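# Examination of the molecular architecture
Chain by chain, the residues run as shown.
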Amino acid sequence: MASATTKQKILDNAVVCFNRDGIANVRLQHIAEEANMSIGNMTYHFRTKDVIVQAVWEQLVRRQQVLLNEFRVLPLFEDIDRLLASTFALQQEYRFFYLDTLEIMRSYPEIQTAHAQHIQWQVQQMELAIQFNLSRGAFSTEAGDAHFFHLARQFWMTTDLWMYRQSVQQHPADNFWAFRESIWALFIPCFTDMGLREFQQLNALNLEKIF
Amino acid sequence: MKPVFSLAPEVYGQMLDRLSSLFFTDKLGFEPDMNFYRDDQWLSDTAVIDQLNCRRGTWEISLLFAHYKTPMKFISRRIAANTCPKKAGTMAFYMRRLAAKDQRGTLKVDIADMNLTMN
Amino acid sequence: MNTKQRILEAAIRLFNVDGVANVRLQQIADETGISVGNLAYHFKNKEAIVTAVYEMLFDEFSQILSSYLLGPNLTEFDRQLMLYHSFFSKYRFYLIDLFEIERSYPAIIDRWHQFVRKMLMQIRKRLDYNVQRGILLQEPISGIYDTLTNNIWMTITFWMPQQVLKGEPVSESLFKDAVWAQISPYFTLKGLDEFAAEVRPLDLHN
């Protein structure tokens, strides 16, 4: 038990270091200092930096899986909103990963292969959620299958690349409402009347939450 | 080479707007657009005489174009004006020469073309 | 192609594989097939090479932006997409090395931001023009065309590295499909006709 919590402590501090300095600049020494333990102790649990990076990534993926598993049970609009909120929070927590995804993937090819599969799984879940909304009449089938094919992929591309693109455009990366707006804009053209009404109700609810 | 000139974003946007509107107006023309040319083409087959009128202190030069085949089809156009009558006369002379199809005046107008009724 | 050009092309190839930070002058010299001394004659140091590569990049980017002059119609946009595809394909390293560049070459980042602003402006104006022409619907919800502009820009810029991340192909037609898929929900009937007649039938993805 002690081992598990120590491991978690190391990983948490690793994330802090990565977020602060960028994954490339962090050494085992830094993580050990941050976690207030000796290097020897730390390497007992995680032999190299690569092992730590792998573990952190697995942690992130597991949390995303939990979110998506909750989501796909009944993906109504308010569930989509909740998914967006929790995904955004997760991104802020693992900032270093989202700001530097492409570089990380280049440096850790095993993670890249696994991550590719993870993304495919995410796309499938979103496709199912879209199907659900089509059959319950919230989305209109007018647009055609090809459109929904792209929509599922655009959803993840927009979500995953949000922080990256904000930084490329020199906009703040912590503005949740801009993030939410960008994602909903992908869905809005597919709404039926029922969908539009539900979306407007959702917006009204959200405004209440802010004030 | 670093660019020394940079455009403000709003200006760039306006420039793009103008370019886009060019594509609205810069379209291929239609047949009826050329009617103005066809309608006035008879003017190239005319005999021209000049006329001077003193109006409001200036000498106005008018050219009178009459079609050589159907002289009843004619038009008078005010071309230019000059305060000095002599200058106006010279201007009229040269303008007539320029406008006329047949400068040397060998075009003949046949009385039969006039088609007058002698009732 | 003279030696300088060959050096730059080799540098671009290496940057794409290993990243700007990791490439050494020796590697560039080897890839070009010349000695390091010869390389030093043309480019004083790595910084000079990186700056020169970015000059090439911005030059090509300017040309793509100028192709807006050909027209804001759908066909010309399709053509511009083709140019964007080969541009982002050739200079793959740019996006990946963004933060490295930001740290060491801030002037380059400034110029890049200018280009990004112009790119966004062009996309926005294309949308406006096509609304005027009756090809696209009027904004169904206020402000959505701004978001659409951003999403289109994002697709154009990031689609390729994202595909590589997922282990999926990066062909030009898939790229164009992804971009048009963003715009097609907003076509009017006239727009759909023009798109089908002049650009491609809508359901091309296989």
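Residues numbered from 1 in each chain as written. Chains lettered and ligands numbered in written order. Predicted model: local features only at pLDDT ≥ 70, side-chain atom pairs only at ≥ 80, totals over all residues.

## Describing the overall build of chain B
Along chain B, the regular secondary structure elements total 4 helices and 3 strands. In sequence order, chain B lays out its α and β elements as α-α-β-β-β-α-α. Taken over 119 residues, chain B has a buried fraction of 9%. Of all intrachain contacts in chain B linking residues separated by at least 6 positions in sequence, the fraction that spans at least 24 positions is 45%. (Helix = DSSP H or I, 4+ residues; strand = E, 2+ residues; numbered from the N terminus. Buried ≥ 20, exposed ≤ 12 C-beta atoms within 10 Å, placed from the backbone. Contact = placed C-beta atoms within 7 Å.)

## Re the overall build of chain A
Within chain A, the regular secondary structure consists of 12 helices and 0 strands. Across its three principal axes, chain A shows a C-alpha extent of roughly 60 × 40 × 40 Å. Residues classed as buried in chain A amount to 33% of the 211 residues present. Long-range contacts, defined as pairs at least 24 residues apart, comprise 67% of the intrachain contacts of chain A with a sequence gap of at least 6.

## As for the interface of chain A and chain C
In this complex, chain A contributes 30 residues to the contact, which on the side of chain C involves 28 residues. Top element by residues in the side of chain A that touches chain C is helix H9 (residues 145–160) of chain A. It accounts for 6 residues. The residue inventory of the side of chain A that touches chain C, partitioned by class, reads 15 nonpolar, 10 polar and 5 charged. (Nonpolar A, V, L, I, M, F, W, Y, C, P; charged D, E, K, R; others polar.)

## Topic: the nonpolar core
In this structure, Ala 14 and Ile 31 of chain A together with Ala 11, Ile 28 and Val 53 of chain C are the most contacted members of the largest nonpolar core, which totals 94 residues. The biggest single contributor to this core is helix H9 (residues 144–166) of chain C, with 8 residues. Filtering out sequence-adjacent residues up to four positions away, Ala 14 of chain A remains in contact with Ile 31, Ile 52 and Val 56 of chain A. (Core = buried A, V, L, I, M, F, W, Y, C linked by C-beta atoms within 7 Å.)

## Things to note about the pairing of strand S3 (residues 74–82) of chain B
Two faces, one strand: in a regular strand the side chains alternate between the faces of the sheet. Residue and element names in this part refer to chain B. With 8 bridges connecting them, strand S2 (residues 58–67) and S3 associate as antiparallel partners. When the sheet's bridge partners are listed, Ser 62 is paired in S3 with Arg 78. The turn joining S2 and S3, which pair antiparallel and follow one another in sequence, is formed by 6 residues. (Pairing = 2+ DSSP bridges.)

## Section: helix H8 (residues 106–132) of chain C
For H8 of chain C, built from 27 residues, the straight-helix expectation of 39 Å at 1.5 Å per residue is met to within 8% by its first-to-last C-alpha distance of 39 Å. Within H8 of chain C the residues assigned to the buried category are Trp 112, Met 119, Met 121, Gln 122, Ile 123, Lys 125, Arg 126, Leu 127, Tyr 129 and Asn 130 of chain C. As for H8 of chain C, its buried residues are in contact with helix H1 (9–25) of chain B together with helix H4 (46–66), helix H5 (74–90) and H9 of chain C. Following H8 of chain C by one or two positions, Gly 134 of chain C has its phi on the positive side, about 85°. (Expected span 1.5 Å × (residues − 1).)

## A few points about the interface of chain C and chain B
Contact residues are listed per partner, giving 11 residues for chain C and 9 residues for chain B. Here the side of chain C that touches chain B is built from residues that sort into 5 nonpolar, 3 polar and 3 charged.

## Examining the domain arrangement of chain A
Residue and element names in this part refer to chain A. As assigned here, chain A comprises domain 1 (1–47) and domain 2 (51–210). Counting residues at the interface gives 10 residues for domain 1 and 11 residues for domain 2. Looking at the side of domain 1 that touches domain 2, the element that brings in the most residues is helix H1 (residues 2–21), giving 5 residues. Among the residues making up the side of domain 1 that touches domain 2, the classes are represented as 7 nonpolar, 2 polar and 1 charged. (Domains from an automatic or database assignment.)

## Some words on the sheet that holds S2 of chain B
Residue and element names in this part refer to chain B. An order of S1-S2-S3 is seen for the 3 strands of this open sheet, with the pairing classed as antiparallel. Each of the sheet's edge strands pairs with one partner strand only, and the pair in question is strand S1 (46–55) and S3. Strand-to-strand, the axes of this sheet are offset by a mean angle of 25°, without reference to chain direction. On top of the sheet, helix H3 (residues 85–99) reaches S1, S2 and S3; it is set at about 160° to S1, its chief contact. (Axes fitted to C-alpha atoms, helices over the stretch in contact; angles between N-to-C directions.)

## Here we look at unusual backbone geometry
For Asn 36 of chain A, which is not glycine, the phi torsion reads 60° and is therefore positive. Within the secondary structure, Asn 36 of chain A sits in the loop between helix H2 (28–35) and helix H3 (39–45). Residues other than glycine seldom take positive phi values, yet Arg 56 of chain B does so here, at roughly 50°. If you trace the backbone, Arg 56 of chain B turns up in the loop between S1 and S2. The class of Arg 56 of chain B is exposed, set by 6 C-beta atoms lying within 10 Å.

## Section: the arrangement of the chains
Of all 2 pairs of chains in contact, the one with the most contacts involves chains A and C. The two units chain A and chain B remain apart, with a minimum C-alpha distance of 14 Å.

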